[in-house]
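# Summary of the model geometry
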Amino acid sequence: MSWNSSAPRDYMTIHDVNYKLVKEFWWNIAFCLLCLIFGIIGNSIVILVYHTKLKSKIEERFFIPILAFLDLLACAMVSALMLAKSFYPAKFQDEYACKVLTYFGFSTSSMALFMLAVIAFHRFQKIVRPFGYQLSLRAKQYIILVIGVISYVLFSPVFYVYGIKDIPDPDTNLTYYICSAPSKGIPKRSMFVFQGILICIYLISIIAMAIMYFFVARTLRMRIKASRKRKEIHSSQTLHSAVIVRMDGCAKANNAEAMSKEKQIEKLMNAPTITDTYDTLQLRRKSCHKRKGHFSLYRYSYIFMIITIKATLSYIVPWILVIVKSNDKSPWTELNQRLFILRYLYILSHITNPVIYGLLDKTFRKHLRTGLCEIRAQQYVMNGSGSN
């Protein structure tokens, strides 16, 4: 490791190295704090609004407060792990904290991903197989419990694989202590097996979600086409009726009884004025209303599809870095601190979900504005009573 300091390396201690790393890569700490603040505030608002204002109003909203709660836990645990590693990049010596933070950080984040797979199955059954088996309320509760047990059991090897690793630095004659895998005394093969199993499980979950949402998207597209076809048939019938009415009026006004009905219809339909009639304007408005109605009807399917795609993309870069780092001959370099944010980039999937709810769920926005107005009104009343 190279330092831009004029101090002799012989007098440099591990505390000096740790301080220099914290000072040089301060943006890692800033990123962790922002993730912690926005993740807790955003997901708490989602839980509060959906659990109090929108509770049991629509069956599709059942998973939203649960997913928000898991996102909140993941933000808290992953941010705590990131902060610990950011403040102690070279002298992380608390092995118990390393194991516990790593375990709960990985397990809660994976639990949210597995919950997305359950939501994908639920959307698949509702949209693609509406007359097939549907998850009941009790079945959903059991599935949530099973997901929690599986996630915590699946990551139990963390207590064996992860821990404090000693890294000697020949340049400074110091030994650094980091929280990583494999820990001291654990063979590297154990880390490869554990991480390989996790990557396979993640890939299976992501592929399963991709297949289910492919059929969901295809079914929604078929329903859109069917709706447009019905709309075109209805539009042509309505337009034909409007043409007949105008034809009869024009025929009487111009005494054109001798002209056949077919020629009169063809003449009036080719006239440019027909596009500006009240009937055609109404048809356009109905068409726009139907498009909005389709999105309102399948709003939560689109919301969960966007969340799933976003979560999948957020895991790609971290797992690429895990694979690359596992083959790195130098286990600790300054480059690890530069890639620190990319290593934990998946935390963004737990932070940005409230933004998606706010953008796509107008009912959520409505109740959120109402709640904020009530809070402001209460503060105004309290300030007024205090001044009196």
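First things first, this report covers the structure right here in the doc. One numbering rule holds for all chains: residues counted from 1, following each sequence as written. Two thresholds apply to this predicted model, a pLDDT of at least 70 for residue-level local features and 80 or more for giving and counting side-chain atom pairs, whereas whole-chain, interface and lining totals are computed over all residues. Each side-chain value is worked out from all heavy atoms of the structure, with water and hydrogens disregarded.

Here the focus is the packing of aromatic side chains. Any two of the Phe, Tyr and Trp rings considered here, Trp counted by its six-membered ring, make a pair once their centres fall within 6.5 Å; the pair's planes then place it as stacked at under 30 degrees, edge-to-face at over 60, or tilted in between. Evaluated as defined, the whole model comprises 19 aromatic pairs. Put simply, the rings of F114, Y202, Y315, W319, F340, Y344 and Y346 pair up and form one aromatic cluster. The ring of Y344 carries the charged tip of R343 above its face, separated from the ring centre by 5.2 Å. Here, a charge over a ring is recorded when the distance from Lys NZ or Arg CZ to the ring centre is within 6 Å and its angle to the ring normal is within 35 degrees.

Okay, the state of the cysteines next. When the sulfur atoms of two cysteines come within 2.5 Å, that pair is taken as a disulfide. With the rule as written, the count across this model stands at one disulfide. Note that C98 is cross-linked by a disulfide to C179, the S-S spacing being 1.8 Å. Residues C98 and C179 share a disulfide whose torsion about the S-S bond is about 80°; that sign makes it right-handed. Residue C98 is found in helix 4 (residues 95–127), and its partner C179 is found in strand 2 (residues 174–180); the two are separated by 81 residues along the sequence. Three exposure classes are used, based on accessible area relative to the maximum for each residue type with a 1.4 Å probe and protein chains only: buried under 20%, partly exposed in between, and exposed over 50%. Residue class for C98 comes out buried when judged on its relative accessible area of 0%. The class of C179 is buried, set by a relative accessible area of 6%. Distance from the sulfur of C32, which forms no disulfide, to the nearest cysteine sulfur (C35) is 6.7 Å. No disulfide involves C75; its sulfur sits 7.3 Å from the nearest other cysteine sulfur, which is in C35. Where helices and strands are cited, they refer to DSSP runs of H or I of at least four residues and of E of at least two residues respectively, numbered from the N terminus.

Once that is clear, we can look at the environment of N28. Within the element layout of this structure, N28 appears in helix 2 (residues 26–53). By relative accessible area, which is 1% here, N28 ends up buried.

Moving on: the packing of helix 4 against helix 5 (residues 137–154). It is the contact of helix 4 with helix 5, at a shortest axis distance of 9 Å, that shows an interaxial angle of 145°. Once helix 4 is placed against helix 5, the crossing between them reads as right-handed. Residue-level contacts link Y103, F104, S107, T108, S110, M111, F114, M115, V118 and H122 of helix 4 to K140, I143, I144, I147, G148, S151, Y152 and L154 of helix 5. Any residue outside Ala, Val, Leu, Ile, Met, Phe, Trp, Tyr, Cys, Pro, Asp, Glu, Lys and Arg is labelled polar, Gly included; the first ten of those are nonpolar and the last four are charged. Its residues assigned to classes, the contact of helix 4 with helix 5 shows 11 nonpolar, six polar and one charged. Lines are fitted to the C-alpha atoms to define the axes, a helix being fitted only along its stretch in contact, and any angle between axes, read from their N-to-C directions, falls within 0 to 180 degrees. What makes a crossing left-handed is the near helix being turned counterclockwise from the far one by less than a right angle; a clockwise turn instead makes it right-handed. The contact criterion used throughout is that any non-hydrogen atoms of two residues lie within 4.5 Å.

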